[in-house]
Amino acid sequence: GNITFSTSKFAINSNFYSTLDGVVRVLARFPDSQLMVGGHADSTGSAAFNQTLSANRALSVANYLQSQGIEGTRLMSRGFDSDMPISSNNTAQGRQENRRVELDIVARN
């Protein structure tokens, strides 16, 4: 599942620490992999605000993973603004689902 965030926030909810700790264990098993951390926002707020917010969401997750022993060189983070919704921004539930960070393991070159 995705790591989701409160409106206009980029602090990680402590409910997601166990999920992220699982990611740390997976990355430890695959030392030749990298992780793309992609931050996303819902459509509320300006594009500039959402870009910064989504980048900060990705960075907060990357920083947590690094604090748990994952080398920073294995982590890439990027904010995607509100350009890639997974749900409708017309409902509260949809906006909640769009305020997220997605994690993708990629092979290291």
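Note that the coordinates shown come from a computational prediction; the quantities given were computed from them, not determined experimentally.

## As for the side chain of S60
Logical step 1: Of note, S60 is situated in helix α2 (residues 47-67).
Logical step 2: Classification of S60 as buried rests on a relative accessible area of 16%.
Logical step 3: There is a polar contact of 2.9 Å between the side chain of S60 and the backbone oxygen of R57.

## Thoughts on unusual backbone geometry
Logical step 1: One non-glycine residue, S8, adopts positive backbone phi at about 60°.
Logical step 2: Inspection of the secondary structure puts S8 in the loop between β1 (3-4) and α1 (17-29).
Logical step 3: Of note, D81 is a non-glycine position whose phi angle comes to about 60°, a positive value.
Logical step 4: By the element assignment, D81 lies in the loop between β3 (75-79) and α3 (92-98).

## Side note on the sheet that holds strand β4 (residues 100-107)
Sheets are built from strands paired through backbone hydrogen bonds, the pairs being either parallel or antiparallel.
Logical step 1: Ordered by their spatial adjacency, four strands build an open sheet running β1-β4-β2-β3, and the pairing between neighbours is mixed. The open sheet terminates on both sides in strands that have one partner only, identified here as β1 and β3.
Logical step 2: Inspection of the sheet shows strand β2 (residues 33-39) paired to β4 by seven bridges, in the antiparallel sense. Within the sheet, the bridge partner assigned to M36 lies in β4 and is D104.
Logical step 3: Lying over the sheet, α1 contacts β1, β2 and β4, oriented at roughly 5° with respect to β4.
Logical step 4: Packing of α2 onto the sheet brings it into contact with β2, β3 and β4, and relative to β3 it is tilted by some 160°.

## Thoughts on the confidence of the model for the chain
Logical step 1: Taken over all residues, the pLDDT of the chain has a mean of 95, while the share at 70 or more is 97%.
Logical step 2: Of all the helices and strands in the chain, β4 carries the lowest mean pLDDT, 92, while α2 carries the highest, 98.

## A look at the pairing of β4
It is a general feature of regular strands that their side chains alternate between the two faces of the sheet.
Logical step 1: Pairing analysis gives two bridges linking β1 to β4, with the strands arranged antiparallel. Paired with I3 across the bridge in β4 is V101.

## Regarding the nonpolar core
Note on soluble globular proteins: their nonpolar side chains tend to be buried together.
Logical step 1: Residues I12, L20, L35, V37, V61 and L65 are the most contacted members of the largest nonpolar core, which totals 18 residues.
Logical step 2: Looking at this core, the elements that each hand over two or more residues are α1, β2 and α2.
Logical step 3: At five residues, α2 tops the list of elements feeding residues into this core.
Logical step 4: Beyond its immediate chain neighbours, meaning those up to four positions away, L20 contacts I3, I12, V61, Y64, L65 and L103.

## Concerning α2
Along an α-helix, residues three or four positions apart point the same way, because every turn accommodates 3.6 residues.
Logical step 1: Helix length check: α2 (21 residues) gives 30 Å between terminal C-alpha atoms against 30 Å at 1.5 Å per residue, within 8%.
Logical step 2: The set of residues buried in α2 consists of N50, L53, S54, R57, A58, S60, V61, A62, Y64 and L65.
Logical step 3: Against α1, β2, β3 and β4 lie the buried residues of α2.
Logical step 4: Where α2 ends, the next residue or the one after it, G69, has phi of about 105°, a positive value.

Analysis parameters
Residues numbered from 1 in each chain as written. Predicted model: local features only at pLDDT ≥ 70, side-chain atom pairs only at ≥ 80, totals over all residues. Heavy atoms only, no water. Helix = DSSP H or I, 4+ residues; strand = E, 2+ residues; numbered from the N terminus. Buried < 20%, exposed > 50% of the residue type's maximum accessible area, 1.4 Å probe, protein only. Polar contact = N/O pair within 3.5 Å; in protein donor to acceptor, adjacent residues only side chain to side chain. Pairing = 2+ DSSP bridges. Contact = heavy atoms within 4.5 Å. Axes fitted to C-alpha atoms, helices over the stretch in contact; angles between N-to-C directions. pLDDT = per-residue confidence, 0-100. Core = buried A, V, L, I, M, F, W, Y, C linked by side-chain atoms within 4.5 Å. Expected span 1.5 Å × (residues − 1).

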